[in-house]
Amino acid sequence: MSARLCRNRAKKTLRDGVFTLNVWNAYEISQSFVFFSLSAGLDLPGRFLFAILTLMTLIANLVFIEEAVYIYRKFPSSKRSIIIWINAAAPVIATTSCIGMWVPRSTMFTDFTAAVFFAIVIHKFLLMMIKECGGQKLLLRRFENGHFRISTGPCCCCCLCLPRVRITRRTLFWLKLGTFQFAFLRPVLMFLSIVLWTNGNYTLYSLSPKGAAVWIGCVVGVLTIIALWPVGIMFRLVRTLLISKKIIPKFALYQFVLILNHLQAAIINILAMQRVIPCAPPLSSSARGAYMTQQLLIMEMFLITLISRVVYRRKYDDLEPPECTAEEAGDNKQTPKIVLNGTVGEDGLPRV
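In this report, the structure presented in the accompanying data block is examined.

Calculation rules
- Residues numbered from 1 in each chain as written.
- Predicted model: local features only at pLDDT ≥ 70, side-chain atom pairs only at ≥ 80, totals over all residues.
- Heavy atoms only, no water.
- Helix = DSSP H or I, 4+ residues; strand = E, 2+ residues; numbered from the N terminus.
- Buried < 20%, exposed > 50% of the residue type's maximum accessible area, 1.4 Å probe, protein only.
- Phe/Tyr/Trp six-rings, centres within 6.5 Å; stacked < 30°, edge-to-face > 60°.
- Lys NZ or Arg CZ within 6 Å of the ring centre and 35° of its normal.
- Core = buried A, V, L, I, M, F, W, Y, C linked by side-chain atoms within 4.5 Å.
- Contact = heavy atoms within 4.5 Å.

**Quick notes on the environment of Leu55**
Within the fold, Leu55 resides in helix H2 (residues 44–74). Given the relative accessible area of 43%, Leu55 is considered partly exposed. Sequence spacing of Leu55 and Cys98 is 43 residues, and the spatial spacing of their C-alpha atoms is 9.9 Å.

What follows is the structure, encoded as structure tokens:
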């Protein structure tokens, strides 16, 4: 009797396992055929749109490569890598969006890649503003008795009563640390999300408090605000000094990439999850929202790439040295003297 019961349980378990395996295989097959059904189901305007967007991505990458070669040849070595990193933000986001458009199942990975890259760009933009002032030492000389105004966005724009902070090496270190923590922790959180996703505990667009996506998203949001705050503080300090180097257009391009890559994508995803964006088989509402985001980002990053080439490719004159340095240089400036077979006295006249 017990042997028969064990055989029945084994058969039931085997049937359940086969059923689960068949369901999983059917899901995998249906998902893998999404790309082929999309490609086959596109009409002529749809194929033309995909071709144009792919061409825009290719042109954006070619423009960036040409600009990177120019920067490497014409710019000083201390600024090359920083400016190349900043200019690469728009082409990289366009490339990841194009890959996500053609391969829908890679959307999570392409979004993570673009987010991690832009986290590094935030840190590089802060370093660029310091480099444009002549470096940390000259920045401290120029603003020797100055103060940072910390009542700025996105953290404390409404807290006008906050005291101003003196500009020192320590405060500069804290500003750099504020952006560096995001560049370091964003890849760590991305790795954690991928590990949880492989275990089935992470769903990209899930708003359930029991899921990991909501909590990781909240942590990323807090880290993003903390990273953007030092950039805003530094920009308010140097925008008048660096106006000859077009720091305002550069900061505007940086802000556009930030808003379009994060805020625009978040709004579209919320509309898709609320079914405001209807589904269109074989795409769900979330998939259609991702498609809209990717197509918009390709066009927007293409335009930003072209504008960045105009802004960053120009050569700007170096800033004048600080007043104290200029006075010291004027006091110490002497006419060179060549004396043969003699010495120079205290009055500057040669003695033979």
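**Describing the packing of aromatic side chains**
Inspection of the entire model under this criterion finds 13 aromatic pairs. Considering the side-chain rings of Phe50 and Trp102, the 5.0 Å spacing of their centres and the 90 degrees angle between planes classify their relative orientation as edge-to-face. With a gap of 52 residues between them, Phe50 in helix H2 and Trp102 in helix H4 (residues 89–102) connect regions that are remote in the sequence. Phe50 gets classed as buried once you look at its relative accessible area, which sits at 8%. The interplanar angle of 45 degrees and the centroid separation of 5.6 Å between the aromatic rings of Phe251 and Tyr254 together place this pair among those described as tilted. Here the residue Phe251 and the residue Tyr254 both occupy positions in helix H9 (residues 247–273), the gap between them amounting to three residues, near one helical turn. Taken as a pair, Phe251 and Tyr254 share a single burial class, namely buried. Members of the aromatic cluster, connected to one another through ring pairs, are Phe118, Phe125, Phe235, Phe251 and Tyr254. Across from the ring centre of Tyr72, 4.8 Å away, lies the NZ or CZ of Arg80, which sits over that ring.

**Quick notes on the nonpolar core**
The tendency in soluble globular proteins is for nonpolar side chains to be buried as a group. Membership of the largest hydrophobic core comes to 66 residues, with the highest contact counts inside it found for Phe125, Met129, Phe148, Met234, Val238 and Met301. By residue number, the principal contributor to this core is helix H5 (residues 107–132), which donates 14 residues. Among residues more than four places away in sequence, those in contact with Phe148 are Arg164, Val165, Arg166, Ile167, Thr171, Leu172, Leu175, Ile233, Met234 and Leu237. Counting seven residues, the second-largest nonpolar core is a separate cluster that includes Cys98, Met101, Tyr291 and Ile298.

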